[in-house]
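Here is what each chain is made of, one letter per residue.
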Amino acid sequence: AEPVIVIAEVASSHEGQPALAIELAHRAAKASADAVKFQIFRAAELVVSHHPKAPSFRELELEPAAWREVVAAARSAGLRVLADVYDMPSLELAEALGVQGYKIPTTIAGDPVLLPAIAGTGKPLLAAVSGEGEEEIRALLGLLRERGAGDIVLHHGFQGFQTQLADTHLRRLAWLRERFGCPVG
């Protein structure tokens with residue numbers, strides 16, 4: 001059996017405020033989390049400037065200096081730091097920060113540049129596969145392994161809020177583990 005690792009999902013809950021990101025990391029450590037995961041992105045790379053949600057993304061974006069402070073605080077609290085990255089500049093920043101692993105959201109699973117670059121870091125990966133079929137998962141795993149990915153955990157999540165128990169498809173966890181021979185979470 002694989003060890004259980006508790007990851008505190010901060011994502012962008014810091015609301016663009018470095019002090020809040022640090023507070024959330026400290027609370028995660030106090031709650032005995034093993035790691036904390038943030039979304040690192042450049043708003044201009046993620047969404048076009050005229051999109052109605054563009055201002056919201058700009059408000060959530062942290063500058064590199066702020067990320068250095070946040071990551072240092074999380075590490076000093078004893079946490080591993082993981083990240084979702086959505087563009088090459090953010091991957092480069094995350095690497096400079098020493099992020100210890102990445103989540104591959106389904107939104108980048110087909111990115112011909114970013115996906116191989118993330119795999120090429122050789123760091124542990126959480127690969128989101130909630131809506132993917134067997135062929136897509138096999139293709140994703142093949143590419144990640146071919147490009148030198150470290151340990152891969154298949155991440156089964158669900159997007160609905162509030163999710164009803166019947167919609168969680170928890171039996172899929174066993175299927176993923178058996179079918180692909182990877183740890184699941």
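All residue numbers refer to positions counted from 1 along the written sequence of the respective chain. Per-residue local features are limited, in this predicted model, to residues with pLDDT of at least 70; the limit for side-chain atom pairs, both in listing and counting, is 80 or more; totals at the level of whole chains, interfaces and linings are taken over all residues. The side-chain quantities take in all heavy atoms of the structure and omit both hydrogens and water.

(A) Inspection of the layout of surface pockets at higher detail. If you add up the space inside the largest pocket, you get close to 1,200 Å³. Residues are called lining when one of their atoms sits within 4 Å of a cavity or pocket point, these points coming from a 1 Å grid over the protein atoms alone, where a cavity is a set in which a 1.4 Å probe fits but cannot get out and a pocket is an open set with protein on both sides within 12 Å along at least five of seven lines. Lining the largest pocket we find 38 residues, and of these Ile-7, Lys-37, Lys-103, Leu-126 and His-155 sit closest to its centre. A run of DSSP states H or I qualifies as a helix once it reaches four residues; a run of E qualifies as a strand once it reaches two. Both are numbered from the N-terminal end. Residue assignment for the lining of the largest pocket shows that the elements contributing at least two residues are strand 1 (7-11), strand 2 (35-40), strand 3 (80-85), strand 4 (101-104), strand 5 (125-128) and strand 6 (152-155). The nonpolar class holds Ala, Val, Leu, Ile, Met, Phe, Trp, Tyr, Cys and Pro. Asp, Glu, Lys and Arg form the charged class, and all remaining residues, Gly among them, are polar. Partitioned by chemical class, the residues of the lining of the largest pocket number 21 nonpolar, 10 polar and seven charged. Grid points are joined across faces, edges and corners, and a volume is the space filled by probe spheres set on the points.

(B) A look at helix 1 (residues 18-30). Between the first and last residue of a helix there are one fewer steps than residues, each counted as 1.5 Å, and that sum is the expected span. Taking 1.5 Å per residue, 13 residues should reach 18 Å; helix 1 reaches 18 Å between its end C-alpha atoms and fits that length. All of the buried residues in helix 1 are Ala-21, Ile-22, Ala-25 and Ala-28. For helix 1, the angular spread of buried residues about the axis comes to 120 degrees, placing them on one side. In helix 1, those exposed residues whose orientation departs by more than 90 degrees from the buried face are Ala-19, Arg-27 and Lys-30. Any two residues having at least one pair of non-hydrogen atoms within 4.5 Å are treated as being in contact. Looking at the buried side of helix 1, the elements it contacts are strand 1, strand 2 and helix 4 (64-76). Two residues or fewer after helix 1 comes Ser-32, characterised by a positive phi angle close to 70 degrees. We call a residue buried when its accessible area falls under 20% of the maximum for its residue type, exposed when it is over 50%, and partly exposed in between, using a 1.4 Å probe and counting protein chains only. What the arc covers is the set of directions going from the helix axis to the C-beta atoms.

(C) Quick look at the pattern of salt bridges. The term salt bridge refers to a pairing of a side-chain nitrogen on Lys or Arg with a carboxyl oxygen on Asp or Glu at a separation within 4 Å. Tallied over the entire structure, the rule returns nine salt bridges. Its salt-bridge partner being Lys-123, residue Glu-95 comes within 2.8 Å of it at the nearest N-O pair. Within this pair, whereas Glu-95 is found in helix 5 (residues 88-97), its partner Lys-123 is found in the loop between helix 6 (114-119) and strand 5, the two being separated by 28 residues in sequence. Since its relative accessible area comes to 31%, Glu-95 is described here as partly exposed. Overall, Lys-123 belongs to the buried group, its relative accessible area being 18%. A single salt-bridge network, built from bridges that share partners, covers Glu-9, Lys-37 and Asp-84.

(D) Quick look at the sheet that holds strand 3. Criterion used throughout: strands pair if DSSP finds at least two bridges between them. With parallel pairing, six strands are arranged side by side in an open sheet as 1-2-3-4-5-6. Of all the strands in the sheet, the pair left with one neighbour each is strand 1 and strand 6. Pairwise comparison of adjacent strand axes, ignoring direction, gives a mean angle of 25 degrees for this sheet. Pairing geometry for strand 2 and strand 3, over six bridges, is parallel. Within strand 3, the residue paired with Lys-37 across the bridge is Leu-82. What counts as an axis is a line fitted to C-alpha atoms, over the stretch in contact for a helix, and the angles between N-to-C directions run from 0 to 180 degrees.

(E) Up close: the environment of Ile-137. Examined against the element boundaries, Ile-137 turns out to sit in helix 7 (residues 134-146). Between the C-alpha atom of Ile-137 and that of Leu-176, which follows or precedes it by 39 residues, the distance is 9.4 Å.

(F) Quick peek at the packing of aromatic side chains. The pairing test for Phe, Tyr and Trp rings, Trp by its six-membered ring, is centres within 6.5 Å, and the orientation test on the planes gives stacked under 30 degrees, edge-to-face over 60, and tilted for anything in between. Under the counting rule described, the total for this entry stands at three aromatic pairs. Arranged with centres 5.4 Å apart and planes meeting at 65 degrees, the rings of Phe-38 and Trp-67 form a pair that is edge-to-face. Here Phe-38 is found in strand 2, whereas its partner Trp-67 is found in helix 4, with 29 residues between them in sequence. Residue class for Phe-38 comes out buried when judged on its relative accessible area of 1%. Looking at Trp-67, the relative accessible area reads 1%, which means it is buried. Between the aromatic rings of Trp-175 and Phe-180, the centroid separation amounts to 5.5 Å while the plane-to-plane angle is 85 degrees, which identifies the pairing as edge-to-face. Overall, Trp-175 belongs to the partly exposed group, its relative accessible area being 26%.

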